[in-house]
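Structure at a glance
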Amino acid sequence: MGMVSASTLRKWQYLLGIVLIVVVGIHLAFRWPSYEGSITYSAAISHIQAWDFAYAAVLYILLYAALTHGLIGLRTLLLELWHWRYARVTVDAALIVIGVVVAIVGTIALTGTILALIH
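Residues numbered from 1 in each chain as written. Predicted model: local features only at pLDDT ≥ 70, side-chain atom pairs only at ≥ 80, totals over all residues. Heavy atoms only, no water.

Turning next to the overall build of the protein chain. Counting its regular elements, the protein chain contains 5 helices and 0 strands. When its helices and strands are written in sequence order, the protein chain yields α-α-α-α-α. Taking 2.2 N^0.38 as the reference for a compact globule, 119 residues should give roughly 14 Å; the C-alpha atoms of the protein chain span a radius of gyration of 18 Å, well beyond that estimate. Its C-alpha atoms give the protein chain principal-axis dimensions of about 55 × 25 × 20 Å. Each of the 119 residues in the protein chain was classed as buried or not, and the buried ones make up 31%. (Helix = DSSP H or I, 4+ residues; strand = E, 2+ residues; numbered from the N terminus. Rg over C-alpha atoms; globule rule 2.2 N^0.38 Å. Buried < 20%, exposed > 50% of the residue type's maximum accessible area, 1.4 Å probe, protein only.)

Take the pattern of salt bridges next. Per the counting criterion, the structure on display carries 1 salt bridge. Salt-bridge contacts for Asp92 lead to Arg75; the nearest nitrogen and oxygen are separated by 2.5 Å. On the criterion of sequence distance, the pair formed by Asp92 in helix α5 (residues 87-118) and Arg75 in helix α4 (residues 52-81) is long-range, its members being 17 residues apart. The exposure classification of Asp92 matches that of Arg75, with both residues buried. (Salt bridge = Lys/Arg side-chain N within 4 Å of Asp/Glu carboxyl O.)

Here we take up the packing of aromatic side chains. Within the structure shown, the criterion is met by 1 aromatic pair. Plain terms: the ring middles of Tyr60 and Tyr64 are 6.3 Å apart, the flat faces sit at 20° to each other, and that makes the pair stacked. Of this pair, Tyr60 and Tyr64 both sit in helix α4, 4 residues apart, which is roughly one turn of the helix. Looking at Tyr64, the relative accessible area reads 33%, which means it is partly exposed. (Phe/Tyr/Trp six-rings, centres within 6.5 Å; stacked < 30°, edge-to-face > 60°.)

A few words now on the nonpolar core. If you look at the biggest cluster of nonpolar residues, it comprises 17 residues, and the most contacted ones within it are Ile48, Tyr55, Leu59 and Ile114. At the level of secondary structure, the elements contributing two or more residues to this core comprise α1 (6-29), α3 (41-50), α4 and α5. The element best represented in this core is α4, accounting for 7 residues. Those residues in contact with Tyr55, other than ones at most four positions away along the chain, are His27, Phe30, Arg31, His47 and Ile48. (Core = buried A, V, L, I, M, F, W, Y, C linked by side-chain atoms within 4.5 Å. Contact = heavy atoms within 4.5 Å.)

This brings us to a nonpolar patch on the surface. A cluster of nonpolar side chains, contributed by Leu81, Trp82, Trp84, Tyr86 and Val89, occupies part of the molecular surface with about 580 Å² of accessible area. With a relative accessible area of 55%, Val89 lands in the exposed category. (Patch = residues over 30% accessible without salt bridge, like charges linked within 9 Å, V, L, I, M, F, W, Y side chains within 5 Å. Areas by Shrake-Rupley, 256 points an atom, 1.4 Å probe, with all protein chains shown as cover.)

Now for the side chain of Asp92. Exposure remark for Asp92: the relative accessible area of 7% places this residue in the buried category. In terms of polar contacts, Asp92 uses its side chain to reach the side chain of Arg75, at 2.5 Å. (Polar contact = N/O pair within 3.5 Å; in protein donor to acceptor, adjacent residues only side chain to side chain.)

Attention shifts here to the layout of surface pockets. Of the volumes computed, that of the second largest pocket is approximately 210 Å³. Taken together, Ala6, Leu9, Arg10, Gln13, Tyr14, Ile72, Arg75, Thr76, Leu79 and Arg88 make up the full set of residues lining the second largest pocket. Of all the secondary structure elements, the ones that give two or more residues to the lining of the second largest pocket are α1 and α4. It is α1 that contributes the most residues to the lining of the second largest pocket, 5 residues altogether. Broken down by class, the residue content of the lining of the second largest pocket amounts to 5 nonpolar, 2 polar and 3 charged. (1 Å grid on protein atoms, 1.4 Å probe; cavity = no way out; pocket = protein on both sides within 12 Å on 5 of 7 lines; lining within 4 Å. Points joined across faces, edges and corners; volume = space filled by probe spheres on them. Nonpolar A, V, L, I, M, F, W, Y, C, P; charged D, E, K, R; others polar.)

Here's what the structure looks like:
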């Protein structure tokens, strides 16, 4: 038996898929009406300054939801490929370590970028 049942992970996968659709939609709404104009330095600063918490929250939610959604999907694929005795424990442990490392690096990078843009 694994750490979390497959049906629970599938529910999380579906929920995170819905969250990603909504958050990507919100993220793209910040780019409206011109993508080229929205990625300039001055536009990025104005988005962050005008929407401090909301814009940063969208970016953090996007980071964590995409990371978790991707890792759950990768776990599913790996466990369909590998059927040896300790595959589930090994895959779970490896993906938890990878997920924590990527989350830490992503959080530091995103926070550093946001702080650099507003100061």
